[in-house]
Amino acid sequence: SFTTIGSNCAAQSAGIVGDCLSPDEESPIFVNCPSDYVFGNDPDQCGAFVDWSPPVADDSCPGVQVSQVNGPLSGTFLPVGTYFVTYQAIDTAGNVAFCNFGVRVEDTQLPAINCPQNITVSNDDGVCQATILGLAPELAFDNCNFEVSWVTDIPLINNGTSTSSDISGAIFDI
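So, here is what we can say about the structure in this document. (Residues numbered from 1 in each chain as written. Predicted model: local features only at pLDDT ≥ 70, side-chain atom pairs only at ≥ 80, totals over all residues. Heavy atoms only, no water.)

Here we come to the side chain of T86. Tracing the sequence through the fold places T86 in strand β7 (residues 81–90). Among the polar contacts made by the side chain of T86, one reaches the side chain of N100 at a distance of 2.7 Å. (Helix = DSSP H or I, 4+ residues; strand = E, 2+ residues; numbered from the N terminus. Polar contact = N/O pair within 3.5 Å; in protein donor to acceptor, adjacent residues only side chain to side chain.)

Glancing now at a nonpolar patch on the surface. A cluster of nonpolar side chains, I29, V31 and V56, forms an exposed patch at the surface whose accessible area comes to about 280 Å². Looking at the secondary structure, you find I29 in strand β1 (residues 29–30). (Patch = residues over 30% accessible without salt bridge, like charges linked within 9 Å, V, L, I, M, F, W, Y side chains within 5 Å. Areas by Shrake-Rupley, 256 points an atom, 1.4 Å probe, with all protein chains shown as cover. Salt bridge = Lys/Arg side-chain N within 4 Å of Asp/Glu carboxyl O.)

So, on to the state of the cysteines. Scanning the entire structure with this criterion turns up two disulfides. Residue C33 pairs covalently with C99 via a disulfide, S to S 2.1 Å. An S-S torsion of about 95° defines the bridge between C33 and C99 as right-handed. One end of the pair, C33, is in the loop between β1 and β2 (37–40); the other, C99, is in strand β8 (residues 96–106), and 66 residues separate them in sequence. Judged by its relative accessible area of 36%, C33 falls in the partly exposed class. Judged by relative accessible area, C99 falls into the buried class, the value being 0%. (Disulfide = S-S within 2.5 Å. Buried < 20%, exposed > 50% of the residue type's maximum accessible area, 1.4 Å probe, protein only.)

This next bit is on the environment of V80. One can find V80 in the loop between β6 (77–79) and β7. Considering only alpha carbons, one finds V80 and C46, 34 residues apart in sequence, at a separation of 5.9 Å. What V80 contacts, discounting residues up to four positions off in sequence, is C46, G47, V105, E106, D107 and C144. (Contact = heavy atoms within 4.5 Å.)

Shape descriptors only; they carry no functional weight alone.
Written out as structure tokens, the structure is:
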């Protein structure tokens with residue numbers, strides 16, 4: 001049990017009891033509040049199941065309780081991005097300390113693309129140009145959103161029906 005003097009309402013409402021006499025004016029101390037965590041994505045996922053150990057707090061009086069008060073929970077799937085987590089430690093006298101850290105999930109998986117084979121074409125009839133078909137990638141995959149783009153070192157006359165992922169139909173000078 002403990003005696004309450006002053007602002008111990010937080011401890012009382014949390015149901016915390018201990019063997020100290022108030023006033024305890026020292027806040028708990030997190031002994032292992034982590035730096036930010038960085039996780040790579042799970043294979044073929046645009047995110048990851050992330051795990052961390054909850055931080056531990058110590059106090060001059062027994063009965064300190066630690067709880068997470070903000071951010072995603074350990075063990076959950078988080079999409080690629082940055083998140084902020086806060087833990088709170090409260091002692092029997094109602095003194096509070098906080099532990100804040102970031103959790104970042106990064107896309108570490110490289111995209112995959114199967115490009116078409118090299119091709120040789122002749123000029124279109126009566127012009128010194130060639131319209132080339134079949135230049136789209138055969139397969140492109142990434143675990144997160146992606147865009148296929150192309151670069152050519154041969155100047156285009158016009159872009160024909162080409163899009164950022166398929167330059168088929170583009171007209172090249174020969």
